[in-house]
Amino acid sequence: MGLVFTIFVTLIKIYSVALIIYILMSWFPNARGTAVGQFLAKICEPYLEQFRKFIPPLGMIDLSPIVALLVLNLAESGIRQLFYWII
């Protein structure tokens with residue numbers, strides 16, 4: 001059971017870092033057009049789209065990535081609590 005817990009938490013952390021890198025790439029011109037940017041777009045955009053449906057941008061500021069990262073953090077906390085509750 002500990003291995004499954006470690007895998008889930010590690011995957012959530014890796015995905016959170018990928019989201020942060022993808023978000024920061026928007027600050028640099030043509031960064032999302034690179035191979036890394038396109039790969040991150042394929043794995044990050046489907047998740048971010050779910051939040052963009054409900055959270056409209058405020059001018060040029062998109063708050064949906066902040067909420068998406070918060071949800072990932074809550075999911076990690078929930079997995080941790082579930083694991084400690086089981087044991």
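Draft legend 1. Quick look at a nonpolar patch on the surface. Taken together, M1, L82, W85 and I86 make up a surface patch of nonpolar side chains, about 520 Å² in accessible area. As for its placement among the helices and strands, L82 is situated in helix 3 (residues 64-86).

Draft legend 2. Here's a closer look at the nonpolar core. Ranked by internal contacts, the top residues of the largest apolar core, which has 13 residues, are L19, C44, Y47 and L48. For this core, the secondary-structure elements that each account for two or more residues are helix 1 (2-25), helix 2 (35-52) and helix 3. Apart from residues no more than four positions distant in its own chain, Y47 is found in contact with Y15, L19, A68, V71 and L72.

Draft legend 3. Up close: helix 2. The end-to-end C-alpha separation of helix 2 is 24 Å, in line with the 26 Å expected for 18 residues at 1.5 Å each. Along helix 2, the sharpest change in direction is near 40° and occurs at C44; proline P46 comes one to four residues later. Along helix 2, the positions that sit buried rather than exposed are G37, L40, C44, E45, Y47, L48 and F51. Where helix 2 is buried, its residues touch helix 1 and helix 3.

Draft legend 4. Spatial organisation of helix 1. With 24 residues, helix 1 extends 35 Å between its outermost C-alpha atoms, agreeing within 8% with the 34 Å of an ideal straight helix rising 1.5 Å per residue. For helix 1, the set of buried residues is F5, V9, I12, S16, A18, L19, Y22 and M25. Among the structural elements, helix 2 and helix 3 are those in contact with the buried residues of helix 1.

Draft legend 5. Summary view of the side chain of S16. Relative to the helices and strands, S16 resides in helix 1. Residues contacting S16, with those up to four places away along its chain left out, are L69 and L72.

Conventions used here
Residues numbered from 1 in each chain as written. Predicted model: local features only at pLDDT ≥ 70, side-chain atom pairs only at ≥ 80, totals over all residues. Heavy atoms only, no water. Patch = residues over 30% accessible without salt bridge, like charges linked within 9 Å, V, L, I, M, F, W, Y side chains within 5 Å. Areas by Shrake-Rupley, 256 points an atom, 1.4 Å probe, with all protein chains shown as cover. Salt bridge = Lys/Arg side-chain N within 4 Å of Asp/Glu carboxyl O. Helix = DSSP H or I, 4+ residues; strand = E, 2+ residues; numbered from the N terminus. Core = buried A, V, L, I, M, F, W, Y, C linked by side-chain atoms within 4.5 Å. Buried < 20%, exposed > 50% of the residue type's maximum accessible area, 1.4 Å probe, protein only. Contact = heavy atoms within 4.5 Å. Expected span 1.5 Å × (residues − 1). Bend = angle between axes of the 7 residues up to and from the residue.

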